[in-house]
Amino acid sequence: MSGDARLTAIVVIVICTISFGLSDLPCEPRDVGIEGRSIVCVCNATYCDTITREEPAPGTYVVYTSSDAGQRFEKSYGVIQINDQGEEGEVESDEDPDYEPVKVNEDDDLTKFSYADDDSIFEDDGRDVGDLIENVLNNVTLRIFANTRHQYIEGFGGSVTDAASINWRKLSDTVQTRLIRSYFGSDGIEYNLIRVPIGGCDFSTHPYTYNELPWNDKALSNFSLSPEDFFYKLPMIKRSQQLATDEIKITASTWSPPIWMKTNERITGFGQLKPEFYQSYADYHVRFMEEYEKAEVKIWAITTTNEPINGIVPIVNFNSLGWTPSQLGIWVANNLGPTIRQSRFNKTLILAVDDQRYILPIWLRGMERADPKSIEYIDGIAIHYYGNFVPAYILTLLQRRYEGKILLSTEACEGPMPWDRLKVEIGSWRRARRYATSIMQDLNNFVVGWIDWNLCLDPDGGPNWANNFVDSPILVYGDRNEFIKQPMFYAMGHFSKFIPRHSRRIQVSRRSLLSVENVAVIKPNGNLVIVLQNRRHRVINVRLRFSRFQYIDIEMEPRSLKTIEVKLN
């Protein structure tokens, strides 16, 4: 880049800083008063922080930083650097020469796998040992290959449960709008996915289903929505659609059908679907979509029942329906699949399993063995966040085995496990870090989208009829007519705000011994977006190389997240 061009770019950056940077309303911080916690940001009838995305000028980049120390989408700017001599040893190529797609054979056991990592070479360049150690401990080099491309991204979002919408309704109209704008608006983090329960779940004030009476009503002659749909969930969804910057794609999941369909005739516990009601349960999903269609809410995808393991290994005390792998395969092949495909909702996606990472291979193989048509009917695989005792690489293996099926993460929250001492941990950066780690791991293993659990909860993590309280990115204080944004909210935003639908993940390769968590995409407009996380308690210097000649240097503050949007020349 010539001296004049560099000066022009710097002038553009200064203009952007003046004209756009000042339009953002900064976080109104609140110190939660607990050692080791970060701040939360307060929103009420008179104030709420905002964030706008800035379009970088050619040859420049914009950085957005959040950190444990209290930064929240703090903006900074830079110019792409040019090394006229080129990087020593670097071959000029826009594709990663080391990348080899994973191949999965028909008989591969997906419960047995190992990591494949980038090879790194560190050569003595004549510096003293102290300099070499400091270089190893504090410097990272990542090579971005914009032409080595993977899955398209659908988006990011959260769930409209009874609990979320009840808490939202506690606020005044003005503050309700601020909360929705914070998630879906152009000056918010621009969610474009929602998940909604079909009937009740544990995040309801009481357990309920649709068509509970008359008993054994195979024809579902009394199917109707609940007051919770009409007064809470649908209004929250509709308001989100009005303020969103993109189409909101909605995924729906059933926790439990009417108890007369179940072997144990209870909302919880060890219970599966009675075979005589297999078709009725398939029809149950169509009837739900018909009723939501009347409210002008289109369902983009359904899942094959929330967490089927809960009704087989009954250790949870909330709404559930158990499916063994073979039972699920038979029902999808003979009932759900044909029913959906022969209905007017035949474009609705069917996402299988909807449970933890570690059971996915077992259930999918079991479905396949029970009836191969079950795999033909499904469009994708739904994944949950909890108890992921196997590495995310299993998702890459699943994607290769079930080619053409999307992977969607449909539920995540912090504080759900029996060993979580605190269900709600206000101001926890650790929980934000865990979210960011999970999102990066999932995206780097072919997941197309990531849906958080409750959009908002009360300070106790409810309401929840089963006392299964958990944390949420937004907590509502109805008595104060305010809500707070936790660090998890900003962790979500570092992805959802800057990675729009139809972006495509691109390859990142490590070129140093040390690394930081990362994911990169190319947007539909050609800009590159890279998200980095420094989990360490010290500064890490990161060099992002885009070619043999072009690079930028980024300083990662301790325990920080950065999103960098780059517009190459």
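In the block above lies the structure referred to throughout.
About the criteria used
Residues numbered from 1 in each chain as written. Predicted model: local features only at pLDDT ≥ 70, side-chain atom pairs only at ≥ 80, totals over all residues. Heavy atoms only, no water. Phe/Tyr/Trp six-rings, centres within 6.5 Å; stacked < 30°, edge-to-face > 60°. Helix = DSSP H or I, 4+ residues; strand = E, 2+ residues; numbered from the N terminus. Buried < 20%, exposed > 50% of the residue type's maximum accessible area, 1.4 Å probe, protein only. Pairing = 2+ DSSP bridges. Contact = heavy atoms within 4.5 Å. Polar contact = N/O pair within 3.5 Å; in protein donor to acceptor, adjacent residues only side chain to side chain. Axes fitted to C-alpha atoms, helices over the stretch in contact; angles between N-to-C directions. Parallel < 35°, antiparallel > 145°, perpendicular 65-115°, else oblique. Left-handed = near helix turned anticlockwise from the far one by under 90°. Nonpolar A, V, L, I, M, F, W, Y, C, P; charged D, E, K, R; others polar. Disulfide = S-S within 2.5 Å. Salt bridge = Lys/Arg side-chain N within 4 Å of Asp/Glu carboxyl O. Patch = residues over 30% accessible without salt bridge, like charges linked within 9 Å, V, L, I, M, F, W, Y side chains within 5 Å. Areas by Shrake-Rupley, 256 points an atom, 1.4 Å probe, with all protein chains shown as cover.

(A) Focus on the packing of aromatic side chains. In this structure the tally under the stated criterion is 27 aromatic pairs. On the basis of an interplanar angle of 55 degrees and a centroid distance of 5.5 Å, the ring pair of Tyr 183 and Phe 489 is categorised as tilted. With Tyr 183 in helix α4 (residues 173–184) and Phe 489 in helix α12 (residues 487–496), this pair connects stretches of sequence that are 306 residues apart. Here Tyr 183 and Phe 489 have matching classes, each one buried. A connected cluster of aromatic rings, assembled from ring pairs, spans Tyr 210, Phe 223, Tyr 278, Tyr 281, Tyr 284, Phe 288, Tyr 292, Trp 323 and Trp 331.

(B) The pairing of strand β6 (residues 139–152), seen in detail. Of all 14 residues in β6, ten are buried; the element is thus mostly enclosed. For β6 and strand β17 (residues 504–510), the ladder comprises six bridges, and the chain directions are antiparallel. The residue bridging Tyr 152 from the neighbouring strand is Arg 504, located in β17.

(C) Here's a closer look at the environment of Asp 458. Relative to the helices and strands, Asp 458 is located in the loop between β14 (447–454) and β15 (474–477). Sequence spacing of Asp 458 and Val 424 is 34 residues, and the spatial spacing of their C-alpha atoms is 9.5 Å. Not counting residues up to four positions away in its chain, the partners in contact with Asp 458 are Asn 167, Lys 170, Pro 463, Leu 475 and Val 476. At 2.9 Å, the side chain of Asp 458 and the backbone nitrogen of Asp 460 are in polar contact.

(D) The arrangement of the sheet that holds strand β13 (residues 406–411) in detail. Strand order around the closed barrel formed by eight strands is β7-β8-β9-β10-β11-β12-β13-β14, with parallel pairing between neighbours. Between one strand axis and the next, the sheet turns by 25 degrees as a mean value, whatever way the strands run. Alignment of β13 against β14, held across three bridges, turns out to be parallel. The residue bridging Leu 407 from the neighbouring strand is Val 447, located in β14.

(E) Quick look at the packing of helix α11 (residues 429–443) against α12. Close contact between α11 and α12 brings their axes to 7 Å; oriented N to C, the two are set at 25 degrees. What the angle tells us is that α11 and α12 run roughly parallel. As α11 packs across α12, the resulting crossing turns out to be right-handed. Each of Trp 429, Arg 431, Ala 432, Tyr 435, Ala 436, Ile 439, Met 440 and Leu 443 in α11 lies in contact with α12, whose residues at this interface are Pro 487, Met 488, Ala 491, Met 492 and Phe 495. Looking at side-chain class alone, the contact of α11 with α12 contains twelve nonpolar, no polar and one charged residues.

(F) Region of the structure containing α12. Taking burial as the measure, the ten residues of α12 include ten buried ones, the bulk of the element. Listed in full, the buried residues belonging to α12 are Pro 487, Met 488, Phe 489, Tyr 490, Ala 491, Met 492, Gly 493, His 494, Phe 495 and Ser 496.

(G) Broad picture of the state of the cysteines. Counted according to the given criterion, the structure contains two disulfides. Between the sulfur atoms of Cys 43 and its disulfide partner Cys 48 the distance amounts to 2.1 Å. On the S-S bond that ties Cys 43 to Cys 48, the torsion sits near 65 degrees, and the link is right-handed. On the basis of relative accessibility, which here comes to 4%, the residue Cys 48 falls in the buried class. Here the protein chain pairs its bonded cysteines, counted in sequence order, in the arrangement 1-2, 3-4.

(H) Just the pattern of salt bridges, in detail. Counted by the stated rule, this structure contains 38 salt bridges. Glu 154 is the salt-bridge partner of Arg 501, the closest N and O atoms lying 3.2 Å from each other. Of this pair, Arg 501 sits in the loop between α12 and β17 while Glu 154 sits in the loop between β6 and β7 (155–159); the two residues are 347 residues apart in sequence, bridging distant segments of the chain. You can call Arg 501 buried: its relative accessible area is 6%. Glu 154 sits in the buried class, given a relative accessible area of 18%. With a shortest N-O distance of 2.8 Å, Arg 434 and Glu 414 are connected by a salt bridge. Placement of Arg 434 in helix α11 and of Glu 414 in the loop between β13 and α11 is noted, with a sequence separation of 20 residues between them. Given a relative accessible area of 2%, Glu 414 falls into the buried group. Members of the salt-bridge network, linked through shared partners, are Glu 414, Glu 425, Arg 430, Arg 431, Arg 434 and Asp 471.

(I) Expanded view of unusual backbone geometry. Here the bond from Leu 213 into Pro 214 is cis, since omega is 0 degrees, no more than 30 degrees from zero. Topologically, Pro 214 is positioned in the loop between β8 (193–198) and α5 (227–243). In this chain, Gly 462 is followed by Pro 463 through a cis amide linkage whose omega measures 10 degrees. Locating Pro 463 in the fold gives a position in the loop between β14 and β15. Residues other than glycine seldom take positive phi values, yet Glu 190 does so here, at roughly 55 degrees. Looking at the element boundaries, Glu 190 is found in the loop between α4 and β8. Non-glycine residue Glu 307 carries a positive phi angle of around 45 degrees. With respect to the helices and strands, Glu 307 occurs in the loop between β10 (301–303) and α7 (325–341). Relative accessible area serves as the criterion here: at 6%, Glu 307 is assigned to the buried category.

(J) Looking closely at the packing of α4 against α5. Running from amino to carboxyl end, α4 crosses α5 at an angle of 60 degrees, the nearest separation of the two axes being 9 Å. Judged on the interaxial angle alone, α5 and α4 are oblique. Crossing angle aside, the handedness with which α4 passes α5 is right-handed. Counted together, Thr 177, Leu 179, Ile 180, Arg 181 and Phe 184 of α4 and Met 236, Arg 239, Ser 240 and Leu 243 of α5 form the full contact between these two elements. Residues belonging to the contact of α4 with α5 are distributed by class as follows: five nonpolar, two polar and two charged.

(K) Inspection of a nonpolar patch on the surface at higher detail. A contiguous nonpolar patch, built from Tyr 358, Phe 389 and Trp 419 and spanning about 400 Å² of accessible area, is present on the exposed surface. Along the polypeptide, Trp 419 turns up in the loop between β13 and α11.

(L) Examining the sheet that holds strand β20 (residues 540–545) more closely. Taken in spatial order, the ten strands of this open sheet run β4-β3-β22-β19-β18-β17-β6-β20-β21-β5, and their pairing is mixed. Each edge of the sheet is formed by a strand with only one pairing partner; in this case those strands are β4 (74–79) and β5 (81–82). Pairing between β5 and strand β21 (residues 550–556): two bridges, direction antiparallel. Each residue of the ladder has a partner; that of Gln 81, found in β21, is Tyr 551.

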